[in-house]
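Examining the three-dimensional arrangement
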Amino acid sequence: MNAVAPPVPDAGINRTMITVSIMLATIIQALDGTIANVALPHMQGSLSASQDQITWVLTSFIVATAIATPLTGWLCDRFGQKNIFLTAVAGFTLASVLCGLSMNLGEIVAARMLQGVFGAALVPLSQATLLDINPREKHGSAMAVWGMGVMIGPILGPTLGGWLTDAYNWRWVFFINVPIGAMAFYGIWRYIGKTTAPRKMKFDAFGFITLSVAIGALQMLLDRGEQNDWFAATETWIEAIVLALAFIYFAVHTAMQPPGKSFFDYRLLKNANYVSGLLFIFIVGLVLFATRALTPTMLQSLMGYPAAIAGLVTAPSGIGTMIAMLIVGKLVGRVDLRLLLGAGFAITAFSLWQMTRYTLVLSQSDIIWPGVIQGLGLGLVFVPLSAATFATLSPEMRAEGTAIYSLMRNIGSSIGIALVQTLLVRNTQTMHATLTEKITIANPAALDALAAPNGAALLNNEITRQASMIAYVDDFWLMLILTLCVLPLLLLIRPAARHEAPAVHAAHD
């Protein structure tokens, strides 16, 4: 991160206002990753788009965010963290207005791309700023606050989006960002001190282009793979080839450049804690975010829950996350981080084991409590992981470090969601065929069902429901196994030395 002046006497007050301001910016960006999902059917009719076309409202945002995220470090080094933060908030808010005012598919896709470009810096900058303005002994509490903003946004997004769409219309899904963005902009402008950049990184255009192409191709492949039947489609092959070639060019080019001359500062990879943190946050995205994507669709497709009710039933998991983060924020620095992480993954594994016992007959409490327990596990993992990852990273490298950290979390989430959705579809088909083989004329129950009016259709629907439930349970088993496999990897993390220099503080204007 950029060097800044020492804190002034009222730094405590400024720290509070800075925290509130940057968390408002973080929340609107985190919300927009999921808040538009429930409004897609309404957008489809309003914008005269097909079901295939309307998904670009989501894809454009995801791809643009992924491509722009690695640029955060260089932009902060070149123009200063505060300036980039203000530009990102203003641009994201304006893009939200354009989304709400869009009259056709092309306009909203373009506006969502702008949202992704400007919003990409908000999450890593909020994390870096909280690390900068807090002394090292308070990093645990700071990461707890940051984690709540990052994690609660996606959880509340579908519920809030469904309410806004039903009570008003889908455009308010985007207009809601305007007052929040305005408050965040004022707070950042008023309370964050000016920063100066001690180093001037040369912009590595080739490195940026190759990395952007690789990330864009990966996100397109993951987002559209299931729809295209993966490698049965030419599009998927093209995306895979582009991904491989672009990443190879990027890796070779970066390795040949001296430090400070390449787009990616590979000195980050020499920090063992940071590299371990990247591995773990990738796994967190892969396992935990993918699991959270399964439950709402299961409730709506198999159990007939309306979108709003499904959101309310899954939202309490956020309560578990907040409770855990508030508690663990006080423990970071006092308890070995590996013990906290181990406890978090163990609790998460227990919640997944509970989910493997799901059937088509579930009460709401059967859904709520495993979600709350999973939220507790997630909170125990997220906060100490963030603290451990950046415990030994020098302050001047935080902007780029937090950007790559957020990128790895997003890539893990995308891969995890694509993986569970693919397995869900294929396992449903496999189990449907297996169950259908059991329907024979020797089975009296089957004969009775087929003799009823529309009996064949009703029987097929029930077989599909049972097959889908088995497929969901198989996904939960996979996530459980992956979570258990993570536990031995905790040995890769080493505690931060107590004699290491404290974090640099931010100044008041």
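So, a few notes on the structure that sits alongside this text. (Residues numbered from 1 in each chain as written. Predicted model: local features only at pLDDT ≥ 70, side-chain atom pairs only at ≥ 80, totals over all residues. Heavy atoms only, no water.)

1. Regarding the packing of aromatic side chains
Tallied over the full model, the rule gives 12 aromatic pairs. Geometrically, the ring pair formed by Y186 and W189 is tilted, given 6.0 Å between the ring centres and 45° between the ring planes. Residue Y186 and its partner W189 are located together in helix α11 (residues 177-191), separated by three residues, close to a single helical turn. Among the aromatic residues, those joined into a cluster by ring pairs are Y168, W172 and F175. Sitting above the plane of the Y191 ring, R190 keeps its charged end 5.2 Å from the centroid. (Phe/Tyr/Trp six-rings, centres within 6.5 Å; stacked < 30°, edge-to-face > 60°. Helix = DSSP H or I, 4+ residues; strand = E, 2+ residues; numbered from the N terminus. Lys NZ or Arg CZ within 6 Å of the ring centre and 35° of its normal.)

2. Notes on unusual backbone geometry
In this structure, W230 is a non-glycine residue whose phi angle is positive, near 50°. Along the chain, the position of W230 falls in the loop between α12 (205-224) and α13 (234-256). For W230, a relative accessible area of 12% puts it in the buried group. (Buried < 20%, exposed > 50% of the residue type's maximum accessible area, 1.4 Å probe, protein only.)

3. Topic: the packing of helix α5 (residues 72-79) against helix α6 (residues 81-101)
Between α5 and α6, the shortest axis-to-axis distance is 7 Å and the interhelical angle comes to 120°. Classified by the angle between their axes, α5 and α6 sit oblique to one another. In this structure, α5 uses L75, C76 and F79 to contact α6, whose residues at the interface are Q81, N83 and I84. Tallied by class, the residues present in the contact of α5 with α6 amount to four nonpolar, two polar and no charged. (Axes fitted to C-alpha atoms, helices over the stretch in contact; angles between N-to-C directions. Parallel < 35°, antiparallel > 145°, perpendicular 65-115°, else oblique. Contact = heavy atoms within 4.5 Å. Nonpolar A, V, L, I, M, F, W, Y, C, P; charged D, E, K, R; others polar.)

4. Overview of the pattern of salt bridges
Enumeration according to the criterion identifies four salt bridges in this entry. Residue R426 is joined to D229 by a salt bridge in which the shortest nitrogen-to-oxygen separation is 3.9 Å. In this pair, R426 is assigned in helix α19 (residues 398-437) and D229 in the loop between α12 and α13, connecting sequence segments 197 residues apart. In this structure, R465 engages E462 in a salt bridge whose closest nitrogen and oxygen atoms are separated by 3.0 Å. (Salt bridge = Lys/Arg side-chain N within 4 Å of Asp/Glu carboxyl O.)

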